[in-house]
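Listed below are the residues making up each chain.
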Amino acid sequence: MALEDQERIIILDFGGQYAQLIARRVREQKVYAEILPFDTPLAEIKARQPRGIIFSGGPATVFVPGAPKCDPGVLALGVPVLGICYGHQLMAYLLGGKVGPAERREYGRTIVTVDEPRGILQDWERQEQCWMSHGVEVDEPPAGFTVLAHTATTPVAAMGDFTRNLYGVQFHPEVVHTPKGELLIRRFLYDICGCTGKWDLGSFAEEAIAAIKEQVGNGQVICALSGGVDSSVAATLVHWAVGDQLTSIFVDHGLLRQGEAEQVVTTFRKRGFKLIHVDARERFLKRLAGVVDPEKKRKIIGEEFIRVFEEEARRLGRVDFLVQGTVYPDVIESGTATAATIKSHHNVGGLPEKMNLKLIEPLRLLFKDEVRRLGEELGLPEEIVWRHPFPGPGLAIRILGEVTAEKLAILRQADAIVTEEVRAAGLYRKVWQAFAVLPDIKSVGVMGDERTYAYTVAVRAVESTDGMTADWVRLPYEVLEKIAARIVGEVPHVNRVVYDITSKPPATIEWE
Ligand code: XMP
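Residues numbered from 1 in each chain as written. Predicted model: local features only at pLDDT ≥ 70, side-chain atom pairs only at ≥ 80, totals over all residues. Heavy atoms only, no water.

1. Section: the sheet that holds strand 4 (residues 81-84)
Put simply, the test is: By definition, two strands form a pair when at least two bridges between them are found by DSSP. Only runs of H or I of at least four residues qualify as helices and only runs of E of at least two qualify as strands under DSSP, and these elements are numbered from the N terminus. Angles run from 0 to 180 degrees between N-to-C directions of axes, and those axes are lines fitted to C-alpha atoms, restricted for helices to the stretch in contact. Contact definition: two residues touch when any of their heavy atoms are within 4.5 Å.
Spatially, nine strands are ordered 2-1-3-4-9-8-7-5-6 in an open sheet, and the strand pairing comes out mixed. Each of the sheet's edge strands pairs with one partner strand only, and the pair in question is strand 2 (32-37) and strand 6 (127-140). Geometrically, the sheet is characterised by an average inter-axis angle of 20° between neighbouring strands, direction not taken into account. By the bridge criterion, two bridges tie strand 5 (residues 98-114) to strand 7 (residues 146-150) in an arrangement that is antiparallel. Following the sheet pairing, threonine 113 is matched in strand 7 by histidine 150. Of the strands in this sheet, strand 1 (8-13), strand 2, strand 3 (52-55) and strand 4 are in contact with helix 1 (residues 18-28), which crosses strand 2 at around 160°. The sheet contacts of helix 3 (residues 86-94) involve strand 3, strand 4, strand 5, strand 6, strand 8 (158-161) and strand 9 (166-169), and relative to strand 4 the element is tilted by about 120°.

Below you can see the structure in the form of structure tokens.
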């Protein structure tokens, strides 16, 4: 089945980061969901033939001038609509209900009392726990609606019009703190929108491969393969689709982790990839000599990467397409007006437009966890599928100050120990990133009877879902102890190990 024919749920994005989470929850129920800006023209929404529409939450206040509103015609399409939080208030507001400031702001876990366990609330007990976060409330539902639930302070915590199939909930069913939220979403998708749940990654892969075959025809394709999960999965789909018409270029800039270059090359050659391995280590090191400013490092590495890649591409002669591992959050971030602007990292692998190649972006509809699951489905090894994110400029931004061959060797060895021990403790998948940093610090130590004056290594481990915010991981003391003892014992020129216990914000994940 082509994607155009999928059962589709449209999520109108009213701001904040709620829409993405809702989309994931819908997809977890095997229904395809896509996010559109709140002001998407009605005709465009209609043309996509959604089975249902969800209004996301958002930070605005619906009765304040300038608050984001969709075309009210969305509520008259005859398509079921579920409004969540701001979306609930907007639905009430647009249909003539009464919306006003809440007497008391509700925030956090809240008990709702179910008045009518019907529709989206079918099988809910009289009292259920929900997650609330609002300072505005629906005081009276619009005509035709029944109040389905209330709380101690909110008269309309859930409402429904059973004839028009319009529903609103003040709480957030998409978060785990609403235990019956998953059931609610399922009821909406299956009972109310009539979805049957055909969206899964196996069929996605088949469709993607067929689509790539058609798009490429007998054209020639290149990709920059870094070994990161996104570029690896994207390249694998293209490889399955067009085989040797794809040439993958792996640039070893010398700033990779221990054993990484060999691993990437072996993994993909074993899978029959036509792979060019460019050893550009000297070249990058030379360009980085004497450079201490982090942004300058990023710029140099980015530019040099493009230069190397272009040289290789030129050598190939005719090339028509470029594969990129763009994922859905990148698309949403650049595509919708409401999503908060996320910082733009100079990403190595961000290749120049002037190459004039047509893009193949087979992952642009997937979230990171879906990319991982797809990678598993395509048989990629665990080390690739579950690899921690790694910045394009690599170890260069984990070495504070000038990047030298000596410092790279130290950091690589220390970093490998951190990874090994985090893996050995069974924590690798639970951690977003765990790595070593080499600050430009030397301190005094004593080893045997000798005074030493050597480097300090910092260890960083963070939990995160998207890298935007992060918390430091409370690694068990025994794990930290082992890491410290091994680094000082095994890595020459290091006599001290410290653990970074700052979250993001105020710190960032990387030190540079
Ligand atoms: P920060 O340090 O900003 O990092 O908290 C957030 C996430 O982005 C990664 N990162 C980069 N990725 N090029 C990249 O491709 C870069 O220059 C870069 N700087 C940071 C970082 O590893 C973390 O996952």
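2. Thoughts on the sheet that holds strand 12 (residues 274-279)
If you walk across this open sheet you meet the five strands as 12-11-10-13-14, and the pairing is parallel. Looking at strand neighbours, the two that pair on one side only are strand 12 and strand 14 (358-360), the edges of this open sheet. Each strand of the sheet is rotated relative to its neighbour by a mean of 25°, with strand direction disregarded. Alignment of strand 10 (residues 221-224) against strand 13 (residues 321-323), held across three bridges, turns out to be parallel. Among the inter-strand pairings, cysteine 223 is bridged to a residue of strand 13, identified as valine 323.

3. Some remarks on the pairing of strand 8
Heads up, the rule is: Relative accessibility decides the category of a residue: with a 1.4 Å probe and only protein chains considered, values under 20% of the type maximum give buried, values over 50% give exposed, and everything between is partly exposed.
With burial as the criterion, each face of strand 8 is covered, one bearing Ala158 and Gly160 and the other bearing Met159 and Asp161. Here three bridges tie strand 7 to strand 8, and the two strands are oriented antiparallel to one another. Within the sheet, the bridge partner assigned to threonine 146 lies in strand 8 and is glycine 160. Summarising the sheet, strand 8 and strand 9 pair through four bridges and their orientation is antiparallel. In the sheet register, methionine 159 faces strand 9, and the bridge partner there is glycine 168. Remark: four residues form the turn of the hairpin made by strand 8 and strand 9, two consecutive strands paired antiparallel; asparagine 165 in that turn has positive phi of roughly 60°.

4. Focus on the packing of aromatic side chains
What counts is decided by this rule: Only rings of Phe, Tyr and Trp enter the pairing, Trp through its six-membered ring, and a pair is recorded when the two centres are within 6.5 Å. The plane angle decides the type: under 30 degrees is stacked, over 60 is edge-to-face, the rest tilted. To sit over a ring, a charge needs its Lys NZ or Arg CZ within 6 Å of the ring centre and within 35 degrees of the ring normal.
The final tally for this structure, using the stated rule, is 12 aromatic pairs. An aromatic cluster is present here, built from Phe14, Phe38, Phe55 and Tyr86 joined pairwise through their rings. In this structure, arginine 186 packs its charged tip against the face of tyrosine 190, placed 4.5 Å from the ring centre. One residue, arginine 423, lies across the ring of tyrosine 428, its end atom 4.0 Å from the ring centre.

5. A few points about unusual backbone geometry
The omega torsion of the bond from lysine 504 to proline 505 falls at -15°, within 30 degrees of zero and hence cis. Positionally, proline 505 belongs in the segment after strand 19 (494-499). Cis geometry is adopted by the peptide bond preceding proline 506, which originates at proline 505 and carries an omega value of 10°. Unlike most non-glycine residues, lysine 30 shows phi in positive territory, near 65°. Within the element layout of this structure, lysine 30 appears in the loop between helix 1 and strand 2. When its relative accessible area of 43% is taken as the criterion, lysine 30 is described as partly exposed. A positive phi angle, close to 75°, is found at aspartate 123, a residue other than glycine. Here aspartate 123 is to be found in the loop between strand 5 and strand 6.

6. Thoughts on the packing of helix 5 (residues 201-216) against helix 11 (residues 368-377)
A pair of packed helices is captured by two measures, namely the crossing angle of their axes and the spacing between those axes. So the rule is basically this: An angle counts as roughly parallel when it lies under 35 degrees, as roughly antiparallel when it exceeds 145, as roughly perpendicular when it falls between 65 and 115, and as oblique in every other case. All residues other than Ala, Val, Leu, Ile, Met, Phe, Trp, Tyr, Cys, Pro, Asp, Glu, Lys and Arg, Gly among them, are scored as polar; the first ten of these are nonpolar and the last four charged.
Look at helix 5 against helix 11: their axes get within 10 Å of each other, and the N-to-C directions meet at 80°. On the basis of their axis angle, the class for helix 5 and helix 11 is roughly perpendicular. The residues of helix 11 that touch helix 5, namely those facing Leu201, Gly202, Phe204 and Ala205, are Glu370, Arg373, Leu374 and Glu377. For the contact of helix 5 with helix 11, the class distribution of residues is four nonpolar, one polar and three charged.

7. Quick word on the packing of helix 13 (residues 405-424) against helix 14 (residues 477-490)
For the record, the criterion: Take the far helix as the reference: if the near one is turned anticlockwise from it by less than a right angle, the crossing is left-handed, and if turned clockwise, right-handed.
Running from amino to carboxyl end, helix 13 crosses helix 14 at an angle of 150°, the nearest separation of the two axes being 10 Å. Here helix 14 runs roughly antiparallel to helix 13, going by the angle between their axes. The handedness of the crossing between helix 13 and helix 14 is right-handed. Together, Gln413, Ala414, Ile417, Val418, Glu420 and Glu421 of helix 13 and Val479, Lys482, Ile483, Arg486, Ile487 and Glu490 of helix 14 make up the contact between the two elements. In terms of residue class, the contact of helix 13 with helix 14 is made up of six nonpolar, one polar and five charged.

8. Some points on the state of the cysteines
Definition in use: Here, two cysteine sulfur atoms that lie within 2.5 Å of each other are counted as a disulfide.
Throughout the structure, instances matching the rule amount to zero disulfides. Just so you know, cysteine 193 is unpaired, no disulfide at all, and the nearest cysteine sulfur is the one on cysteine 195, 5.2 Å from it. Classification of cysteine 193 by relative accessible area gives buried; the value is 9%.

9. A word on the side chain of threonine 110
Applicable threshold: Any pair of nitrogen or oxygen atoms within 3.5 Å is treated as a polar contact; in protein, a donor-acceptor pairing is required on top of that, and neighbouring residues in sequence qualify only through side-chain atoms on both sides.
Examined against the element boundaries, threonine 110 turns out to sit in strand 5. At a separation of 3.0 Å, a polar atom in the side chain of threonine 110 contacts the main-chain carbonyl oxygen of glycine 108.

10. Notes on the pattern of salt bridges
Convention followed: Salt bridges are counted wherever a side-chain nitrogen of Lys or Arg sits within 4 Å of a carboxyl oxygen of Asp or Glu.
Here the structure, examined in full by the defined rule, presents 36 salt bridges. When the shortest N-O distance is used, the salt bridge between arginine 315 and glutamate 312 registers 3.2 Å. With arginine 315 and glutamate 312 both in helix 9 (residues 294-316), this residue pair falls three residues apart, about one helical turn. Glutamate 312 sits in the buried class, given a relative accessible area of 11%. Of the charged contacts, one joins arginine 429 and glutamate 382 as a salt bridge, the two residues approaching to 3.3 Å between their closest N and O atoms. With arginine 429 in the loop between helix 13 and strand 15 (433-437) and glutamate 382 in helix 12 (residues 382-385), this pair connects stretches of sequence that are 47 residues apart. Classification of arginine 429 as partly exposed rests on a relative accessible area of 44%.

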